[in-house]
Amino acid sequence: MTVQELPGAAAYQPTPPPAWKPLTDPAPLLPDPEPYRVLGTDAAADADPELLLRLYAELVRGRRYNAQATALTKQGRLAVYPSSTGQEACEIAAALVLEERDWLFPSYRDTLAAVARGLDPVEALTLLRGDRHTGYDPREHRIAPLCTPLATQLPHAVGLAHAARLKGDDVVALAMVGDGGTSEGDFHEALNFAAVWKAPVVFLVQNNGFAISVPLAKQTAAPSLAHKAVGYGMPGRLVDGNDAAAVHQVLSEAVERARSGGGPTLVEAITYRMDAHTNADDATRYRGDSEVEAWRAHDPVRLMERELTARGLLGDDGIEEARSAAERMAAALRERMNADPVLDPMDLFAQVYAEQTTQLREQAARLRVELDAENEQDSTDDGGAGR
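A short tour of the structure in this document, coming up. What you see is a predicted model, and the numbers here were worked out from it, not measured in a lab. (Residues numbered from 1 in each chain as written. Predicted model: local features only at pLDDT ≥ 70, side-chain atom pairs only at ≥ 80, totals over all residues. Heavy atoms only, no water.)

1. So, the overall build of the protein chain
So, point 1. Each helix and strand in the protein chain was counted, giving 11 helices and 7 strands.
So, point 2. The buried share of the protein chain, taken over its 387 residues, is 44%.
So, point 3. Total accessible area on the protein chain stands at roughly 20,000 Å², and carbon and sulfur atoms take up 52% of it.
So, point 4. Averaged over its 38 positive side-chain charges, the protein chain has a centre that lies 2 Å from the centre of its 58 negative ones. (Helix = DSSP H or I, 4+ residues; strand = E, 2+ residues; numbered from the N terminus. Buried < 20%, exposed > 50% of the residue type's maximum accessible area, 1.4 Å probe, protein only. Areas by Shrake-Rupley, 256 points an atom, 1.4 Å probe, with all protein chains shown as cover. Lys, Arg positive; Asp, Glu negative; His and termini not counted. Charge placed at Lys NZ, Arg CZ, Asp CG, Glu CD.)

2. Notes on the pairing of strand S7 (residues 265–270)
So, point 1. Counting buried positions along S7 yields 5 of 6 residues, so the element is predominantly enclosed.
So, point 2. Note: strand S3 (residues 201–207) against S7, 6 bridges, orientation parallel. Looking across to S7, one finds that asparagine 207 is bridged to isoleucine 270.
So, point 3. For strand S6 (residues 236–240) and S7, the ladder comprises 5 bridges, and the chain directions are parallel. Its bridge partner lying in S7, arginine 237 is registered against valine 267.
So, point 4. Crossover S6 to S7 through helix H7 (residues 244–259) is right-handed. (Pairing = 2+ DSSP bridges. Right-handed = clockwise from strand over helix to strand, strands pointing away.)

3. Remarks on the pairing of strand S2 (residues 173–178)
So, point 1. The buried count for S2 comes to 5 of 6 residues, which makes it a mostly enclosed element.
So, point 2. Relative to S2, strand S1 (residues 103–105) runs parallel, the two sharing 3 bridges. Its bridge partner being in S2, phenylalanine 105 is matched across the sheet by alanine 175.
So, point 3. Note: S2 against S3, 6 bridges, orientation parallel. Across the sheet, leucine 174 pairs through a bridge with valine 202, a residue of S3.
So, point 4. The parallel pair S2 and S3 is bridged by helix H6 (residues 185–197), and the resulting crossover is right-handed.

4. Comments concerning the packing of aromatic side chains
So, point 1. All told, the structure shown has 4 aromatic pairs when counted by the stated rule.
So, point 2. Consider the rings of phenylalanine 193 and tryptophan 197, whose centres lie 4.9 Å apart with planes at 35 degrees: the pair is tilted. Here tryptophan 197 and phenylalanine 193 lie together in helix H6, a separation of 4 residues that amounts to about one turn.
So, point 3. Judged by its relative accessible area of 43%, phenylalanine 193 is partly exposed.
So, point 4. Measuring from centroid to centroid gives 5.3 Å for phenylalanine 210 and tyrosine 286, while their planes differ by 50 degrees, and the two rings are tilted. In this pair, phenylalanine 210 sits in strand S4 (residues 210–211) while tyrosine 286 sits in the loop between S7 and helix H8 (289–296), placing the two residues 76 residues apart along the sequence. (Phe/Tyr/Trp six-rings, centres within 6.5 Å; stacked < 30°, edge-to-face > 60°.)

5. Details of the pattern of salt bridges
Pairing is possible between side chains of opposite charge, provided their charged atoms come close.
So, point 1. By the definition in use, this model includes 15 salt bridges.
So, point 2. The salt bridge involving aspartate 340 is made with arginine 77; its shortest N-O contact spans 2.7 Å. With aspartate 340 in the loop between helix H10 (316–337) and helix H11 (358–386) and arginine 77 in the loop between helix H1 (49–74) and helix H2 (88–96), this residue pair connects regions lying 263 residues apart in the sequence.
So, point 3. The class for aspartate 340 is exposed, based on a relative accessible area of 60%.
So, point 4. Given a relative accessible area of 26%, arginine 77 falls into the partly exposed group.
So, point 5. Residue arginine 336 pairs with aspartate 120 through a salt bridge whose shortest N-O separation is 2.9 Å. With arginine 336 in helix H10 and aspartate 120 in the loop between helix H3 (111–116) and helix H4 (138–141), the pair connects residues that are 216 residues apart, well separated along the chain.
So, point 6. For arginine 336, a relative accessible area of 42% gives the class partly exposed.
So, point 7. Counted as one network, the salt bridges with shared partners bring together Arg101, Asp102, Asp170 and Arg259. (Salt bridge = Lys/Arg side-chain N within 4 Å of Asp/Glu carboxyl O.)

6. Remarks on a negative patch on the surface
So, point 1. The grouping of Asp316, Asp317, Glu320 and Glu321 at the surface amounts to a negative patch.
So, point 2. In this structure, glutamate 320 sits in helix H10.
So, point 3. Judged by relative accessible area, which is 47%, glutamate 320 ranks as partly exposed. (Patch = residues over 30% accessible without salt bridge, like charges linked within 9 Å, V, L, I, M, F, W, Y side chains within 5 Å.)

7. Quick word on the side chain of serine 83
So, point 1. Following the sequence through the fold, serine 83 ends up in the loop between H1 and H2.
So, point 2. Only 2.9 Å separates the side chain of serine 83 from the side chain of aspartate 275, close enough to count as a polar contact.
So, point 3. Beyond its immediate stretch of four places on either side in the chain, serine 83 contacts Asn66, Thr70, Arg109, Asp275 and His277. (Polar contact = N/O pair within 3.5 Å; in protein donor to acceptor, adjacent residues only side chain to side chain. Contact = heavy atoms within 4.5 Å.)

8. Here we look at unusual backbone geometry
So, point 1. Even without a glycine there, the phi angle at alanine 151 is positive, about 70 degrees.
So, point 2. Its place among the elements puts alanine 151 in the loop between H4 and helix H5 (153–167).
So, point 3. Under the relative-accessibility criterion, alanine 151 is labelled buried at 2%.
So, point 4. The backbone of lysine 198 shows a phi angle near 55 degrees, a positive value even though the residue is not glycine.
So, point 5. With respect to the helices, strands and loops of the structure, lysine 198 is situated in the loop between H6 and S3.

Below, the structure is given as structure tokens:
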């Protein structure tokens, strides 16, 4: 059956506007000239003190998590770790604005967002030490697998959100990506589909200045990455990515807009990656210490601590409590990651196909024979050593 043969098709006479006429007035979609801020401004007086204190506790824990995970790479317990030190405000806010039924689609740098959403800190790192699959059940936590290929998680987020809406499920997907990911085709395809379908998706671009060693100016000539939203017919928002309260507010508004049927939003958070791209990167080859130090003055943990202490909401006891909780988390993470995982070689054949192929069954049987023979030999050697 063709489209024309469908019931009611004869009555449908498409009347597209002229090609020169915009489908949407671009003015309301344009981002503000400057990143939106809350901390240190008059808007901070309206911020919920309880929310600010929770954001602060999560920021402190996140900073310690990054430091501990980086140390684990130096100890050989992780193969690689892409630190989000300096970007914690984006990570924490992204996790806290979502309802339990919503989905988070992280990139490889967003382990902290997954942990802040409730994922076991060890499970968030198992992929990075070479364990199979993601290390966690995406359906249980509503967190898609940490995505190493740039931007491929964005079309997945759009597809899930669109499908959920077709089913009548009240679900929003929040997809995270770096500035480097906006140069990938998946980014543009995802935004286009999301806008055309009015899918309940929020795109959060963490603009940390560099795609590994490539500065933003060599990726785009646009006024901002948020301006790219206009070309797809969705609002673009520009926010200070080191201001946790501002990021939380902007993302909350975008999530509410998506949930109410308003469609997607592109949020660009201006932040900075304080550490190297990963432990395998030498950041001194493409940026100077003075640049890093300048951004330390705009540290997200320091900004929140300064706001809370100035308003009398946080004292020395509260600061110590947050740091102690972070240390306990780091100690538990360190202890569990230092324990060697028990591996079963037969897992090589599990979950490769829904139904094992003949070749896989033959290979599994051959390995089982070899393992049994090896275990029998070990048992014999142990018995001989005891005589």
